[in-house]
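Chains, contacts and geometry: an overview
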Number of protein chains: 2
Amino acid sequence: MSRYDPSAFPPFAVTVDLVVLTVRDHALCALLVRRGEPPFQGYWALPGGFVRPDEGLAEAASRELAEETGLRAHSAPGHADTGVHLEQLATYGHPQRDPRMRVVSVAHLVLAPDLPTPRPGGDASSARWAPVGDLLGDAPADGVPLAFDHGRILADGVERARSKIEYSSLATAFCPPEFTVGELRRVYEAVWGVVLDPRNFHRKVTGTPGFLLPSGGTTTRQGGRPAQLFTAGGATVLNPPMLRPEA
Amino acid sequence: MSRYDPSAFPPFAVTVDLVVLTVRDHALCALLVRRGEPPFQGYWALPGGFVRPDEGLAEAASRELAEETGLRAHSAPGHADTGVHLEQLATYGHPQRDPRMRVVSVAHLVLAPDLPTPRPGGDASSARWAPVGDLLGDAPADGVPLAFDHGRILADGVERARSKIEYSSLATAFCPPEFTVGELRRVYEAVWGVVLDPRNFHRKVTGTPGFLLPSGGTTTRQGGRPAQLFTAGGATVLNPPMLRPEA
DNA sequence: TTAATAGTGTCTGTAAGACATTATAAT
DNA sequence: ATTATAATGTCTTACAGACACTATTAA
């Protein structure tokens, strides 16, 4: 028989982990928190915590995000408010991923505009934005990998973000409410780690219906000729997609 | 404080549910099993079961698949053996999704070639292939929705399959080890519910490097002029993708 | 012969890649 | 003036969509 007696189910703990990404200083960065207790005490880890008995998974992810960053998230698409993008990423349940007990973690991906500075639980020394380039690969720049299997989770989250901005308008989630074409292009360049042709990029994004809405204003915050300001349009899917260069 | 005491974690059960898809008679079909016990007794549901304390999530999904269908799955890409494709789909954890207790289910997607007939646990009357067109939407053809939130899970799995065959060679997972271009085209047509131009399709799939490998043989099992037989090539990603028609 | 499917070829429109050029600000 | 970025335009090439046509089998 393949089904267990539900009243004799094995003991599982369920958590949510958050891959919170933003673009700072032309680099894709992830939010990390320092662990204050064993296991992996002193290691950097993804923010997260246990799911409560009466809350859903996205709800738990939202709550943890608010508790650790003060951000309000929305998982429904098409919003133009101040909430950041949140979506379920994947679930990690290797039997030995947590040495204490059997923990199944439902990872979520959060995309946020550049934030002033992390204020996780009010303790600034225990949180930081780290460029993902320093964290991925076999040799982390710090020399110390992330706690648990968070390196793998982070890699999966980064890959999800990199592929999703190809065929969706999700790159605008990294931008403030009003942004210029150049700022959006620098988001793509930071997330993909490439250099894009400004002229072809401008033609592509302004030529895709519903991607950008002119807000009327202009800005010179980047220097040079004043640039038109836009807000994210209603379109969520890009067809044809934005092509990611090979190298 | 955002973290619970791990020794006082709330009681969760963790299950895997399977969206097993195949193409039969020119239609995309999903494997359903009939529930023999409450809740939802007599309802059709997705196959699945509890994750055991010592096994991983993909491992549990593989085991349930073997138990209920006799299929052997592999989750690594690029295989050309007899195993079917298996990947994690998403996790569903609404607090009231199971009336008995708090159950978090990690859904998996399985793509398989057309199978002789379901032999789930040896009881043929309790399993069937159902065309997904009859199951999705507000009015299921049977008049009765699936158990639990399995209608939503199935819809998500179908959408995943529909989008993934656009930019990957995953459609070959619906084909036998050797297949013709026409058979592969009929897979696309069944999964997407559209009619594709045979000539443009032939040009596209044979012109994409690594998608198809000529096996040397030919077949006339479809009638008409003998068709070349192919096996799945090593390529997993299609660039540029196969475009899904609008309507 | 007829009908079915397989395979190849041609034309056209769309859009991406690779450029040049002009426009408008700060210094 | 110089330099920075913004915005528009041109040319070429790749490729999808929409066709026509020939090839090879079974009934």
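Coordinates for the structure precede this section.
The paragraphs below set out a description of the structure included in this document. (Residues numbered from 1 in each chain as written. Chains lettered and ligands numbered in written order. Predicted model: local features only at pLDDT ≥ 70, side-chain atom pairs only at ≥ 80, totals over all residues. Heavy atoms only, no water.)

Section: the overall build of chain A
Inclusion rule: Only DSSP runs of H or I with at least four residues qualify as helices, and only runs of E with at least two residues qualify as strands; both kinds are numbered from the N terminus onward. Burial classification: accessible surface area is computed with a 1.4 Å probe over protein chains only, and a residue below 20% of its type maximum counts as buried, one above 50% as exposed, and the rest as partly exposed. The criterion used for residue contact is that any of the two residues' heavy atoms lie within 4.5 Å. Throughout, the Shrake-Rupley method with a 1.4 Å probe supplies accessible areas, and for residues the shown protein chains are the sole cover considered.
Helices and strands together make up the secondary structure of chain A, namely five helices and 10 strands. Sorting the 247 residues of chain A into buried and exposed places 51% on the buried side. Contacts in chain A between residues far apart in sequence, at least 24 positions, make up 65% of those at least 6 positions apart. Within the structure as shown, chain A displays about 11,400 Å² of accessible surface, and the carbon and sulfur contribution to it stands at 53%.

Overview of unusual backbone geometry
Asn239(A) connects to Pro240(A) through a cis peptide bond whose omega is 0°. Inspection of the secondary structure assignment puts Pro240(A) in the segment after β10 (227–232). Of note, the phi angle at His26(A) is positive, near 65°, even though the residue is not glycine. Inspection of the secondary structure assignment puts His26(A) in the loop between β1 (13–24) and β2 (27–34). The phi dihedral of Phe40(B) is positive, around 60°, even though this residue is not glycine.

What to know about helix α1 (residues 57–69) of chain B
Residue and element names in this part refer to chain B. Applicable threshold: In this scheme, a helix's expected span is set at 1.5 Å multiplied by one less than its residue total.
The end-to-end C-alpha separation of α1 is 18 Å, in line with the 18 Å expected for 13 residues at 1.5 Å each. Taken together, the buried positions of α1 are occupied by Leu 57, Ala 60, Ala 61, Arg 63, Glu 64, Leu 65, Glu 68 and Thr 69. Just downstream of α1, Gly 70 is the residue with a positive phi angle, here 80°.

Some details on the relation of the copies chain A and chain B
Rules: Residues reaching a pLDDT of at least 70 in both copies supply the C-alpha atoms on which the copies are superposed by least squares.
You can overlay chain A on chain B at an RMSD of 0.0 Å; the transform is a turn of 180° with a shift of 0.0 Å along its axis. Such values leave the two copies arranged in the relation of a two-fold axis. Every residue of chain A has its C-alpha some distance from the rotation axis, and the shortest such distance is that of Phe12(A), at 2.9 Å. Here 97% of the contact residues of chain A are again contact residues in chain B; the copies associate through an equivalent surface.

Focus on the environment of Phe179(A)
All names here are of chain A. Mapped onto the secondary structure, Phe 179 falls in the loop between α3 (150–167) and α4 (181–192). In sequence terms Phe 179 and Thr 231 are 52 residues apart; their C-alpha atoms lie 6.6 Å from each other. Excluding its chain neighbours within four sequence positions, the residues that come into contact with Phe 179 are Thr 172, Leu 184, Leu 212, Arg 221, Gln 228, Leu 229, Phe 230, Thr 231 and Ala 232.

Points about the packing of aromatic side chains
Rules: A pair of Phe, Tyr and Trp rings is counted when the ring centres sit within 6.5 Å of each other, with Trp represented by its six-membered ring. The angle between the planes then sorts it: under 30 degrees is stacked, over 60 is edge-to-face, the rest tilted. Ring-over charges, as used throughout, are those where CZ of Arg or NZ of Lys falls within 6 Å of the ring centre and within 35 degrees of the ring normal.
The full count for this structure, using the stated rule, is eight aromatic pairs over all chains. Between Phe40(B) and Tyr43(B), the aromatic rings sit 5.3 Å apart at their centres with planes inclined by 80°, giving edge-to-face as the arrangement. Here Phe40(B) falls in the partly exposed class, since its relative accessible area comes to 29%. A centroid spacing of 5.1 Å and a plane angle of 70° characterise the contact between Tyr188(B) and Trp192(B), whose relative ring orientation is edge-to-face. Residue Tyr188(B) and its partner Trp192(B) are located together in helix α4 (residues 181–192), separated by four residues, close to a single helical turn. In this structure Tyr188(B) comes out as buried when scored by relative accessible area, which is 0%. The exposure class assigned to Trp192(B) is buried, which follows from its relative accessible area of 7%. In this structure an aromatic cluster arises from ring pairing among Phe40(A), Tyr43(A) and Phe148(A). Above the face of the Trp44(A) ring, Arg128(A) is positioned so that its terminal group lies 4.7 Å from the ring centre.

Let's talk about the protein's contact with DNA strand C
Just so we agree on the cut-off: Whether a residue is near a molecule or strand depends on its heavy atoms: it is near if one of them lies within 4 Å of it. Side-chain atoms alone can form a polar contact between residues adjacent in sequence; in general such a contact is a pair of N or O atoms within 3.5 Å, and within protein one must be able to donate a hydrogen while the other accepts it.
The environment of DNA strand C is made up of 23 residues, and the closest members are Arg199(A), Asn200(A), Lys204(A), Arg199(B) and Gln228(B). Of all DNA strand C atoms lying within 4 Å of any protein atom, the proportion belonging to sugar or phosphate reaches 51%. Contacts to DNA strand C include Lys204(A), whose side-chain N or O atom sits 2.6 Å from a phosphate oxygen. Taking Arg185(B), its side chain carries an N or O atom lying 3.5 Å from a phosphate oxygen of DNA strand C.

Quick notes on the interface of chain A and chain B
To be explicit about the condition: Any carboxyl oxygen of Asp or Glu within 4 Å of a side-chain nitrogen of Lys or Arg constitutes a salt bridge here. Gly is put with the polar residues, along with every residue not named as nonpolar or charged; the nonpolar set is Ala, Val, Leu, Ile, Met, Phe, Trp, Tyr, Cys and Pro, and the charged set is Asp, Glu, Lys and Arg.
Taken residue by residue, the interface counts 37 residues in chain A and 37 residues in chain B. In this structure, the connection of chain A to chain B is made through zero salt bridges. The tally of links between chain A and chain B comes to seven residue pairs in polar contact (both at pLDDT 80 or more). A class-by-class count of the residues in the side of chain A that touches chain B yields 20 nonpolar, seven polar and 10 charged.

The analysis is restricted to geometry; functional conclusions fall outside its scope.
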